[in-house]
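# Observations on the model geometry
One-letter residues, chain by chain:
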Amino acid sequence: MISQKASGITSFIVMDIQDKAKEMEARGEHIIHLEIGEPDFDAPQKVIEATINGLNNKDTHYTHSLGKITLRNAIADHYQKTYGVTVDPEQIIVTSGTSPAMVMAFAAILDQGDEVIIPNPYYACYPNFIKMFDGVPVAIKVLDENGFKYDLETLKSHLTQKTKAIMVNSPANPTGAVYGEQELKNIAALDKLVICDEIYHGLVYEGECHTMLEYTQNCIVLNGFSKLYAMTGFRMGYAIVPKELIRTMQILQQNFFLCPGSFPQEGALAALTEDCSTELAKMKETYNQRRKYLIRRLKEMGIAPICEPQGAFYTLANVKNYCTDSFQFAYEILEEAKVAVTPGIDFGSNAEGYLRISYANSLENIKEGLNRLEHFLKTKKNGTVR
């Protein structure tokens, strides 16, 4: 009954970990959640108020299939003010979260056998999205000592006639890596379509964040409101695409999703046009405090990555001295230490031997979770590989 294609889609292990943790909590156990990538803040008050006003004004009907022009104009203005790039609002498609934007992007460009280069480690859903549209994910190892970013010569060596696109995630999940200006320029110069996942833009703690649109128009930019604005439940994302793709993407949206939600678009509009700077600055500073604490503790425990994460709200912890199976190890940590972390293998073969730790939780909980994790590691016979 189940299709071969659907049966080949792997589970999102972080969700399995979270489900198991919630089952344990239902039995009365106290679990520290360091697995999930969801802001522990509420959306800015003006965003909430605008969304409520939308409902009160009975804004509950279908919108334009590309999204409201007011919101698309605001997105274009945001990229102009933030990055100095000019974006035509008619090149923007608003979606019900960034994942649908990614799905439609791959649906629009991939034919059977087309290759998409992705970094390894990668966001867990990339390969599944590519395979769903008969593409071939080509995973290139990105190394800790290189900040978990593409080595340009290695990237060039993997380009073939079948290469349809290069995937860039900056700031990156699960590594926290941020690509610099020259690194993005180098990728843009390869003359291949670049799909740049920018969902964590705004959450950069060292240096600047650049959009791929500064360096090439031959790109699809994916972004949204879930992370920076703590609007995960609003399901508001968007894609900025080359003009020749927008009609195809619009047709896909009409068929798959009709249009994005109506009143959540009012909340997204407020995020870009109302002054939410105080709340956003507080969130960012809080994340940075947690990041610094987390890095210090991981260094003391001997499991810190070589290059410190610069963005998003994750880091990979190197536990290769403790395990060869991060999947089993994460479940042991959950059962024994009552700490939920994500096994590195969820993010590709090159993340095996790592754990992803999210600092989208209170500093108090992070401290307690790391205390528990440190105690757990000390019980493992001084780092004997399991």
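The structure this text deals with has already been given above.
First things first, this report covers the structure right here in the doc. (Residues numbered from 1 in each chain as written. Predicted model: local features only at pLDDT ≥ 70, side-chain atom pairs only at ≥ 80, totals over all residues. Heavy atoms only, no water.)

## A look at the pattern of salt bridges
Selection criterion: A side-chain nitrogen of Lys or Arg and a carboxyl oxygen of Asp or Glu constitute a salt bridge if their distance falls within 4 Å. Helix and strand assignments come from DSSP, with helices taken as H or I runs of at least 4 residues and strands as E runs of at least 2, each series counted from the N terminus.
Under the defined criterion, the tally for this structure stands at 20 salt bridges. Arg-27 is paired through a salt bridge with Glu-29; the nearest N and O atoms lie 3.1 Å apart. When the shortest N-O distance is used, the salt bridge between Lys-380 and Glu-336 registers 3.4 Å. Here Glu-336 lies in helix α12 (residues 326–337) and Lys-380 lies in the segment after α13 (363–378), a separation of 44 residues in the sequence.

## Quick look at the sheet that holds strand β11 (residues 342–343)
Our working definition: A strand pair is defined by DSSP finding two or more bridges across the two strands.
Ordered by their spatial adjacency, three strands build an open sheet running β9-β12-β11, and the pairing between neighbours is antiparallel. Since the sheet does not close on itself, it has two edges, and those belong to β9 (314–318) and β11, each with one partner. Pairing between β9 and strand β12 (residues 354–358): five bridges, direction antiparallel. The residue of β12 that forms the bridge with Leu-316 is Arg-356.

## Section: the environment of Ile-69
The condition that has to hold: Contacts are assigned to residue pairs that have any heavy atoms within 4.5 Å of one another.
Take Ile-69: it is sitting in helix α4 (residues 69–83). For the pair Ile-69 and Tyr-83, spaced 14 residues apart in the sequence, the C-alpha separation amounts to 21 Å. Residue contacts for Ile-69: discarding those within four places in its chain leaves Pro-89 and Glu-90.

## Brief notes about the packing of aromatic side chains
Applicable threshold: Note on ring pairs: Phe, Tyr and Trp rings are taken, using the six-membered ring of Trp, and paired if centres are within 6.5 Å. Classes follow the plane angle, with under 30 degrees stacked, over 60 edge-to-face and the rest tilted. Each residue gets one of three labels from its accessible area relative to the maximum for its type: buried under 20%, exposed over 50%, partly exposed in between, using a 1.4 Å probe on protein chains only. Geometrically, a lysine NZ or arginine CZ counts as sitting over a ring once it is within 6 Å of the ring centre and also within 35 degrees of the ring normal.
Inspection of the entire model under this criterion finds 16 aromatic pairs. Summarising the aromatic geometry, the rings of Tyr-79 and Tyr-83 are spaced 5.1 Å apart at their centres and angled 40° between planes, so their arrangement reads as tilted. Remark: Tyr-83 and Tyr-79 occur in helix α4; sequence separation between them is four residues, near one turn of the helix. With centroids separated by 6.2 Å and ring planes inclined at 50°, the aromatic side chains of Tyr-150 and Tyr-179 adopt a geometry described as tilted. In this pair, Tyr-150 is assigned in the loop between β4 (136–141) and α7 (152–157) and Tyr-179 in the loop between β5 (163–169) and α8 (181–188), connecting sequence segments 29 residues apart. Side by side, Tyr-150 and Tyr-179 carry an identical accessibility label, which is buried. The rings of Phe-41, Tyr-200, Tyr-287, Phe-313 and Tyr-314 are connected pair by pair, giving a single aromatic cluster. In this arrangement the basic side chain of Lys-367 is found over the ring face of Tyr-293, its NZ or CZ atom lying 5.5 Å from the centre.

## Comments concerning the packing of α4 against helix α10 (residues 262–273)
Selection criterion: In this analysis an axis means a line fitted to C-alpha atoms, helices contributing only their contacting stretch, and an angle means the value between N-to-C directions, from 0 to 180 degrees. When an angle is under 35 degrees it counts as roughly parallel; over 145 it counts as roughly antiparallel; between 65 and 115 it counts as roughly perpendicular; any other value is oblique. For any pair of crossing helices, the crossing counts as left-handed if the nearer helix is rotated counterclockwise from the farther one by less than a right angle, and right-handed if it is rotated clockwise. Throughout this entry, Asp, Glu, Lys and Arg are counted as charged residues, while Ala, Val, Leu, Ile, Met, Phe, Trp, Tyr, Cys and Pro are counted as nonpolar. The remaining residues, Gly among them, count as polar.
Between α4 and α10, the least distance of the axes is 9 Å, while the angle of their chain directions is 30°. Comparing their axes, α10 and α4 come out roughly parallel. Considering the relative orientation of α4 and α10, their crossing is left-handed. Residues Thr-70, Leu-71, Ala-74, Ile-75 and His-78 of α4 touch α10, and the partners they reach there are Gln-265, Ala-268, Leu-269, Leu-272 and Thr-273. In terms of residue class, the contact of α4 with α10 is built from six nonpolar, four polar and no charged.

## What about the environment of Pro-305?
Secondary-structure assignment places Pro-305 in the loop between α11 (277–301) and β9. Looking at Pro-305, the relative accessible area reads 12%, which means it is buried. Spatially, the C-alpha atom of Pro-305 lies 8.9 Å from that of Gly-147, the residues being 158 residues apart in sequence. Those residues in contact with Pro-305 that sit more than four places away from it in its chain are Asp-144, Thr-315 and Leu-316.

## Regarding the packing of helix α5 (residues 98–109) against helix α9 (residues 243–256)
Any two packed helices are characterised by the angle at which their axes cross and by the distance between the axes. Viewed as axis vectors pointing N to C, α5 and α9 meet at an angle of 120°, and their least axial separation amounts to 9 Å. By the angle class used here, α5 and α9 are oblique. Remark: the crossing between α5 and α9 carries right-handed chirality. In this structure, α5 contributes Ala-101, Met-104, Ala-105, Ala-107, Ala-108 and Ile-109 to the contact, and α9 contributes Leu-245, Thr-248, Met-249, Leu-252, Gln-253 and Phe-256. The residue makeup of the contact of α5 with α9, split by class, is 10 nonpolar, two polar and no charged.

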